[in-house]
Each structure stands twice: as C-alpha cells, then as structure tokens.
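# Understanding the architecture of this molecule
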Amino acid sequence: MAVRVSSKIWREYLFNKVKSSGFGATRHCSSAAQTPIAPLPKKIPHSSKKGRLFTGTAIGLLIAGGAFVSTADEATFCGWLFSATKLVNPLFALLDAEVAHRLAVSAAARGLVPREKRPDPSILGLEVWGRKFSNPIGLAAGFDKNAEAVEGLLGLGFGFVEVGSVTPVPQEGNPKPRIFRLRQEGAIINRCGFNSEGIFAVAKRLGVQHGKRKLAETSSTSSSSNDEVKQGGKAGPGILGVNIGKNKTSEDAAADYVQGVHSLSQYADYLVINVSSPNTPGLRMLQGRKQLKDLVKKIQAARDEMQWGEEGPPPLLVKIAPDLSKEDLEDIAAVALALRLDGLIISNTTISRPDSVRQNPVAEESGGLSGKPLFNLSTNILKETYILTRGRIPLIGCGGISSGEDAYKKIRAGATLVQLYTQFAYEGPALIPRIKAELAECLERDGFKTVQEAVGADYR
C-alpha cells in the first residue's frame, strides 16, 4: 500500500519537477516509467558545465530512484537514497568551499536531501536535560548559521542540530576567501568571523519553524502512523540548540549575549555561549576565570528573569577552545561547577597546526582548523574536563569525528553527546547512518546496554 501511494506521488512529483526544470525533494519516490516527459525549456538557467552536470546528475538520481522504489520497501529505499548522495560529493568538490557550503544549506532548506525513515537503534537513545534524544550524534554550529535548514537537517537523522553562531547585529564576517579545504588530511581551515544575518532575522525564521514543528507534533499525536521516531524537543520532533556570539565591534560582550538570550531562547532546547572562536578578536579572553564567571552570571540572570512554563528555561552551555592550558581548564571547570552550568562543548577549532597538516601549504592560512587532525587534541581536552568536573556536568564532544569508533572514543572519554561538522561537509548525508550503525556496534561489542553506561568509561 505504501509503495502504491508513493508511486502515485512520485509520478506527479517528477512530472512537475522536470516540466519546470527543477530539482525536487526525494522523500517519497516511485517508478517514473510511464511518466510523460515534458520538453525541456529552451533556456537553461545555469549555463555553466558544472551547473548542467549537477542538474543532469540530480535528475538521473531521481529517475533511477523512481525505478528502484517500485520493487523496494521504504526502509530499503531510504538506505539507497542516503548511499546515492555519495554520487553528488565529487560535484561539490569542484566548487569553491563556501559556494559548496551555501549550496548544501540551500539544498537542506528546500528538502533536496534524503529523509531518515528508519528508527535509530534503541541502544543509542538517551535523555539529557530532561530531553529525549533518539541518538547522541549532533550537527555542530557553523553549518546552518542562520537557521535556514533546521527541518531538513533534523530529517537527515541527527539526534540534534545546533544553529549559529548568531550575533545581535547582522555582520558580513571576514573577507573572502575564508574557508580552505585540506582534503587529504580530512580537515578545513576557516576564518569566517561570525558571519550572521543577526538575531532578528534568525528569530523570525525560528518562530516560523517552531510553529511548524508544533503542528507536526500535534498531527503525529492524532495520527496512527509510526513511520518516524519522535524525539523529545521543546517544539516537537528534533532537538534544537542555538549558539550565540558577539559582534566583532561590540564593546559590551555581555550585552550581546543577553540580547541573544532574550530573543532566541524561547525557540531553543538548549543555548550555547560561544566564547572560543579564534576568528573574533578578543573573544577567547572571555574564557578567563573572572571574565567567564561574570559573563555566565549575567547570562543566567537574563535567562532566568524570563517567564517559563513547566519545562523551565533552556539549559545553558559554554563552548570552549582546545588551545587551553591545564590552569585554564581548571578555571573553567571551577566556574562551571560553582555556577551550575548545564554543560560544556569541547571543543571549537584550533589555531595550532598538528604535524599531520604542516606539509600542506594551505595550513599556512590563518583561522581555526577542524577535522581529523583536531581529534586527539580535542579528545584530550575532553578527558581532562571530564576528570576536573568529576562527571557532574554533561559534556558534548566535538572535533575530528569521522566514524562511529571516533564517536565512541569521545563518549568513553566523557562525552554524553557528540557533534560532527567537517566530515559531514566532505561525506554528506551518507555519513550519518554509517556513524550511528558503527557506534551501536561499538557499544554492543563492549557490553554496554546504553550510551549513558559508556560515558566516561575510560576514567571511572
């Protein structure tokens, strides 16, 4: 029945999309064998060879998908769709890094990405801050800076998505080019500098999405369908984090963060104070013991003075750098415990250049390094922080994760949740189900029944 309905939807959908020379979403697909092909328009909007190649590949994938789904169940077809996205990766590699990034965000915003219909392995489910996560794999801030693609990104199967960093006033960020690939090393250097549309634009967008997610929650409650796993976010399916930054020219950092809290916290399942980007002058100075303590107090007061329902205010986390001394970490841990911070994200990008990248000429570019070369450094900082906080504060491990084994190592080092970015930029949507399956295998292999059992296992 599901396949017959999907077939009808697909035929109508593909006909309309090809007729308008568009590239449509691939959520429900079926055979297009009997679909009449409308004549192509005389004028192709994108005349470049890369544009025609991308459009041709996309339409080819859609037609192939239509033929495939007529003989496959939904779960099998869903897996095929995620695998098929690997075919598009070489095309993105031909583009400038920032252009490719914008195209990827735009695709997710328009639903031109697969949607995960398969339930996550039960062993990956966990509860943090009173919120239920179907899995601990999240998308780090920096990918969807302006909250344009929340629904599409959550639909890919992430346990949570973090948007931002968002600044109070719109700003362009640093001059381009500002994103550089180190493909062989699986790394990226960026010096974007908090390019942001500003909190008012993001708040408006999140408000619309919030309403849609609430409607989806209501609809799913009254529906008998159990096709999708419903996560326990504030606004229905999916956990949403909002990462807040300061403007480059601001002289009052606390005021910037307070403004972000007042404008955006109502839409967030958790809030992040970013004091660790290396691309905003003076920002990392806020990680000092006194500076951080004063800042967190003001932000907590701003959050707590707002009116909240039974769920209470969103948890408040701080994102820290990997380039910290032992004394710096001790200060941060002391502040986190004293002020009862809800969590820490470890870590942001690094200004150091590990040996594995020094031979690459691109490594000489200024900015923060992310990806595989960051894994050991960020995991060591994670381990030290877990020990210093005595496991009393949830930690999110971020930096260099490219496999389920990497995610598992972060969890054993003290992370309750983990985040991806750079490897997702390289590998695309196919990375997500792969990492979840590998992580589940690691947990089962070592006899853990839940993710939470494995948190900090190496240091307990």
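Whatever comes next refers back to the structure up there.
Here goes a summary of the coordinates provided. Being a predicted model, the structure only gives us computed values, none of them experimental.

### Quick notes on the overall build of the protein
- When you go through the protein residue by residue, the secondary structure sums to 15 helices and 13 strands.
- Looking at the 460 residues of the protein, the share that counts as buried comes to 55%.
- Contacts in the protein between residues far apart in sequence, at least 24 positions, make up 73% of those at least 6 positions apart.
- As presented, the protein carries roughly 20,500 Å² of accessible surface, and 53% of it is formed by carbon and sulfur atoms.

### What to know about the side chain of N360
- Assignment of secondary structure puts N360 in the loop between strand 10 (343-346) and strand 11 (368-371).
- The buried category is assigned to N360, whose relative accessible area is 15%.
- A distance of 3.1 Å separates the side chain of N360 from the side chain of E185, its partner in a polar contact.
- Those residues in contact with N360 that sit more than four places away from it in its chain are L182 and E185.

### Comments concerning the packing of helix 10 (residues 326-338) against helix 11 (residues 375-388)
- Remark: helix 10 packs on helix 11, axes separated minimally by 9 Å, with the N-to-C direction vectors making an angle of 45°. Accordingly, the angle class assigned to the pair helix 10 and helix 11 is oblique. Of the two elements, helix 10 crosses helix 11, and the hand of that crossing is right-handed. Here K326, L329, E330, A333 and L337 of helix 10 come into contact with helix 11, specifically with I381, E384, T385 and L388.

### Here we look at the sheet that holds strand 3 (residues 137-139)
- Around the barrel, 8 strands lie side by side as 3-4-7-8-9-10-12-13; this closed barrel has parallel pairing. The average angle at which neighbouring strand axes cross in this sheet is 25°, direction not considered.
- Here strand 3 runs beside strand 4 (residues 160-166); their pairing, made up of 2 bridges, is parallel. Pairing of G138 across the sheet is with F160, part of strand 4.
- The sheet contacts of helix 9 (residues 289-304) involve strand 8 (270-274) and strand 9 (316-320), and relative to strand 9 the element is tilted by about 150°.

### Some points on the pairing of strand 7 (residues 239-244)
- Summarising burial for strand 7: 6 of the 6 residues are buried, a large majority.
- Across 5 bridges, strand 4 lies against strand 7 in parallel orientation. Note that in strand 7 the partner of F160 across the bridge is I239.
- Looking at chain direction, strand 7 and strand 8 are connected through 4 bridges and run parallel. Paired with G241 across the strands is Y270, a residue of strand 8.
- As a crossover connection, the stretch from strand 7 through helix 8 (residues 253-264) into strand 8 is right-handed.

### Remarks on the nonpolar core
- Core analysis: the biggest nonpolar cluster contains 98 residues, and F158, L206, Y257, V318, I320, L344 and L443 have the highest contact counts within it.
- Among the elements that take part in this core, helix 14 (residues 431-445) stands out by supplying 7 residues, more than any other.
- Within the second largest apolar cluster, 7 residues are counted, among which are F180, A187, I189 and L369.

### Some remarks on the pattern of salt bridges
- As enumerated under the stated definition, the model contains 20 salt bridges in all.
- As a salt-bridge pair, R205 and E197 come within 3.0 Å of each other at their nearest N and O atoms.
- You can call R205 partly exposed: its relative accessible area is 26%.
- A relative accessible area of 32% means that E197 is categorised as partly exposed.
- Note that E405 and R445 form a salt bridge whose closest N and O atoms lie 3.4 Å from each other. With E405 in helix 12 (residues 404-412) and R445 in helix 14, the pair connects residues that are 40 residues apart, well separated along the chain.
- A residue is classified by how much of its surface remains accessible, and E405, at 28% relative accessible area, is partly exposed.
- Relative accessible area serves as the criterion here: at 52%, R445 is assigned to the exposed category.
- Put simply, E405, R412, R445, D446 and D458 are held in one network by salt bridges that share partners.

How each quantity is defined
- Residues numbered from 1 in each chain as written.
- Predicted model: local features only at pLDDT ≥ 70, side-chain atom pairs only at ≥ 80, totals over all residues.
- Heavy atoms only, no water.
- Helix = DSSP H or I, 4+ residues; strand = E, 2+ residues; numbered from the N terminus.
- Buried < 20%, exposed > 50% of the residue type's maximum accessible area, 1.4 Å probe, protein only.
- Contact = heavy atoms within 4.5 Å.
- Areas by Shrake-Rupley, 256 points an atom, 1.4 Å probe, with all protein chains shown as cover.
- Polar contact = N/O pair within 3.5 Å; in protein donor to acceptor, adjacent residues only side chain to side chain.
- Axes fitted to C-alpha atoms, helices over the stretch in contact; angles between N-to-C directions.
- Parallel < 35°, antiparallel > 145°, perpendicular 65-115°, else oblique.
- Left-handed = near helix turned anticlockwise from the far one by under 90°.
- Pairing = 2+ DSSP bridges.
- Right-handed = clockwise from strand over helix to strand, strands pointing away.
- Core = buried A, V, L, I, M, F, W, Y, C linked by side-chain atoms within 4.5 Å.
- Salt bridge = Lys/Arg side-chain N within 4 Å of Asp/Glu carboxyl O.

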